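Each chain, written out:
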Amino acid sequence: KQEVTQIPAALSVPEGENLVLNCSFTDSAIYNLQWFRQDPGKGLTSLLLIQSSQREQTSGRLNASLDKSSGRSTLYIAASQPGDSATYLCAVMGGKLIFGQGTELSVKP
Amino acid sequence: DAMVIQNPRYQVTQFGKPVTLSCSQTLNHNVMYWYQQKSSQAPKLLFHYYDKDFNNEADTPDNFQSRRPNTSFCFLDIRSPGLGDAAMYLCATSRGAGGWTDTQYFGPGTRLTVL
């Protein structure tokens, strides 16, 4: 059974700092991995999708990496801003989308 | 422009009173999903439609049903809501050709309160 874990559960950083969010999964037989952002009380916004054959994807200040063999993904956020404050969820696709519980990020001005 | 629309955004119902949540999409995607997300928990897949084919998750309670009358619309019916059904309900879509390898696009969610 696939299990997805995100560490840390919460993170607080000062504005301008670069940061890394971690995601690990137990079954490496996945089609892809997706990173989402969720603002309080809102739905999910897809940030990046990495196919299983890819190693990383970039969008603006965001860079996501995938190491299937070790069951890990990271989301790197460069030059963090207060507007980046949200919960970030990773999800792996291997038949259905299995989510981690998220990392709640707070960026302080 | 909104691509996945959910109505209402907030729904209050009474214990045991049937309720229907609505999802529509302008993406013309083949696959539509319903997820339940309880407070501070990960979203959990309830079921999905691939075109008209309904796929129920094994652990989805019988209390939850779904209808998809056409490509654009999908409904979640909760026949007798209990206090434990209070949650955010998320609708998502993805393109066809297997669906599972494609990006899922989520709506804004409907927050359900059960009194």
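Our subject is the structure that appears above.
Predicted model only: the values in this text are computed from it and were never measured. (Residues numbered from 1 in each chain as written. Chains lettered and ligands numbered in written order. Predicted model: local features only at pLDDT ≥ 70, side-chain atom pairs only at ≥ 80, totals over all residues. Heavy atoms only, no water.)

(A) The interface of chain B and chain A, seen in detail. Counting residues at the interface gives 20 residues for chain B, matched by 20 residues for chain A. Summing the contributions of chain B and of chain A, the shared interface buries around 1,500 Å²; its carbon and sulfur component is 56%. For the pair chain B and chain A, the number of links is one salt bridge. Of the charged contacts, one joins lysine 96 of chain A and glutamate 57 of chain B as a salt bridge, the two residues approaching to 2.5 Å between their closest N and O atoms. Our count for the contact surface shared by chain B and chain A stands at four residue pairs in polar contact (both at pLDDT 80 or more). Listed by contribution, the elements that provide at least two residues to the side of chain B that touches chain A are strand S4 (31-37) and strand S9 (87-94) of chain B. The residue makeup of the side of chain B that touches chain A, split by class, is nine nonpolar, seven polar and four charged. (Contact = heavy atoms within 4.5 Å. Buried area = accessible area lost by both parts, 1.4 Å probe. Salt bridge = Lys/Arg side-chain N within 4 Å of Asp/Glu carboxyl O. Polar contact = N/O pair within 3.5 Å; in protein donor to acceptor, adjacent residues only side chain to side chain. Helix = DSSP H or I, 4+ residues; strand = E, 2+ residues; numbered from the N terminus. Nonpolar A, V, L, I, M, F, W, Y, C, P; charged D, E, K, R; others polar.)

(B) Inspection of the nonpolar core at higher detail. All names here are of chain A. Counting 22 residues, the largest nonpolar core has Phe25, Leu33, Trp35, Leu75, Ile77, Tyr88 and Leu105 as its most contacted members. Elements represented by at least two residues in this core include exactly strand S3 (19-25), strand S4 (32-38), strand S5 (44-51), strand S7 (62-67), strand S8 (72-77), strand S9 (86-93) and strand S11 (103-108). Leaving out residues up to four positions away in the same chain, phenylalanine 25 has contacts with Gln2, Glu3, Val4, Ile30, Leu33, Leu66, Asp67, Lys68, Gly71, Arg72, Ser73 and Val92. (Core = buried A, V, L, I, M, F, W, Y, C linked by side-chain atoms within 4.5 Å. Buried < 20%, exposed > 50% of the residue type's maximum accessible area, 1.4 Å probe, protein only.)

(C) Representation of the sheet that holds strand S8 (residues 73-78) of chain B. Residue and element names in this part refer to chain B. Pairing is antiparallel across the open sheet formed by four strands, whose spatial order is S1-S3-S8-S7. Sheet topology places strand S1 (4-7) and strand S7 (64-67) at the edges, where each strand pairs with a single neighbour. Averaged over all pairs of adjacent strands, the angle between their axes in this sheet comes to 20 degrees, without regard to strand direction. Where S1 meets strand S3 (residues 19-25), four bridges bridge the pair, whose relative direction is antiparallel. By the bridge assignment for S3, valine 4 is matched with glutamine 25. (Pairing = 2+ DSSP bridges. Axes fitted to C-alpha atoms, helices over the stretch in contact; angles between N-to-C directions.)

(D) Local environment of the packing of aromatic side chains. The tally for this structure, following the rule as stated, stands at 10 aromatic pairs over all chains. Each ring, one from phenylalanine 64 of chain B and one from tyrosine 89 of chain B, has its centre 6.1 Å from the other, and the planes form 35 degrees; the classification is tilted. Taken together, the positions of phenylalanine 64 of chain B in strand S7 and tyrosine 89 of chain B in strand S9 put the pair 25 residues apart, joining distant regions of the chain. Using a relative accessible area of 5% as the deciding quantity, one classes phenylalanine 64 of chain B as buried. Judged by relative accessible area, which is 0%, tyrosine 89 of chain B ranks as buried. Through a chain of ring-to-ring contacts, the aromatic side chains of Phe36 and Phe99 of chain A together with Tyr33, Tyr35 and Phe106 of chain B assemble into a single cluster. (Phe/Tyr/Trp six-rings, centres within 6.5 Å; stacked < 30°, edge-to-face > 60°.)

(E) Up close: the sheet that holds S3 of chain A. Residue and element names in this part refer to chain A. In spatial order, the strands read S1-S3-S8-S7-S6; together these five strands make up an open sheet with antiparallel pairing. Two strands in the sheet have a free side with no partner beyond their single neighbour: strand S1 (4-7) and strand S6 (56-59). Neighbour to neighbour, the strand axes of the sheet diverge by 15 degrees on average, direction disregarded. Bridge count for S3 against S8 is six bridges, and the pairing is antiparallel. Bridge pairing links leucine 21 to leucine 75 in S8.

(F) Geometry of the pattern of salt bridges. Applying the stated criterion across every chain, the model contains five salt bridges over all chains. Taking the shortest distance from any N to any O, the salt bridge between arginine 37 of chain A and aspartate 39 of chain A comes out at 3.0 Å. We classify aspartate 39 of chain A as partly exposed; its relative accessible area is 26%. Of the charged contacts in the structure, one is a salt bridge between aspartate 59 of chain B and lysine 44 of chain B, with a shortest N-O distance of 3.4 Å. Of the two residues, aspartate 59 of chain B sits in the loop between strand S6 (53-56) and S7 while lysine 44 of chain B sits in strand S5 (residues 44-50), which places them 15 residues apart along the sequence.

(G) View of the pairing of S1 of chain A. All names here are of chain A. Across the two faces of S1 the burial differs, with Val4 and Gln6 buried and Thr5 and Ile7 not buried at all. Here S1 runs beside S3; their pairing, made up of four bridges, is antiparallel. Looking at the pairing, glutamine 6 lines up with cysteine 23 of S3.

(H) Structural view of the state of the cysteines. Applying the stated criterion across every chain, the model contains two disulfides over all chains. The disulfide partner of cysteine 23 of chain A is cysteine 90 of chain A, and the gap between their sulfur atoms is 2.0 Å. With the S-S bond torsion at 75 degrees, the cross-link from cysteine 23 of chain A to cysteine 90 of chain A turns out right-handed. Remark: cysteine 90 of chain A occurs in strand S9 and cysteine 23 of chain A occurs in strand S3; sequence separation between them is 67 residues. Both residues of the pair, cysteine 23 of chain A and cysteine 90 of chain A, count as buried. Take cysteine 74 of chain B: it sits in no disulfide, and the sulfur closest to it among the cysteines is that of cysteine 91 of chain B, at 6.1 Å. With a relative accessible area of 1%, cysteine 74 of chain B lands in the buried category. (Disulfide = S-S within 2.5 Å.)

By themselves, these observations are geometric and do not establish any function.
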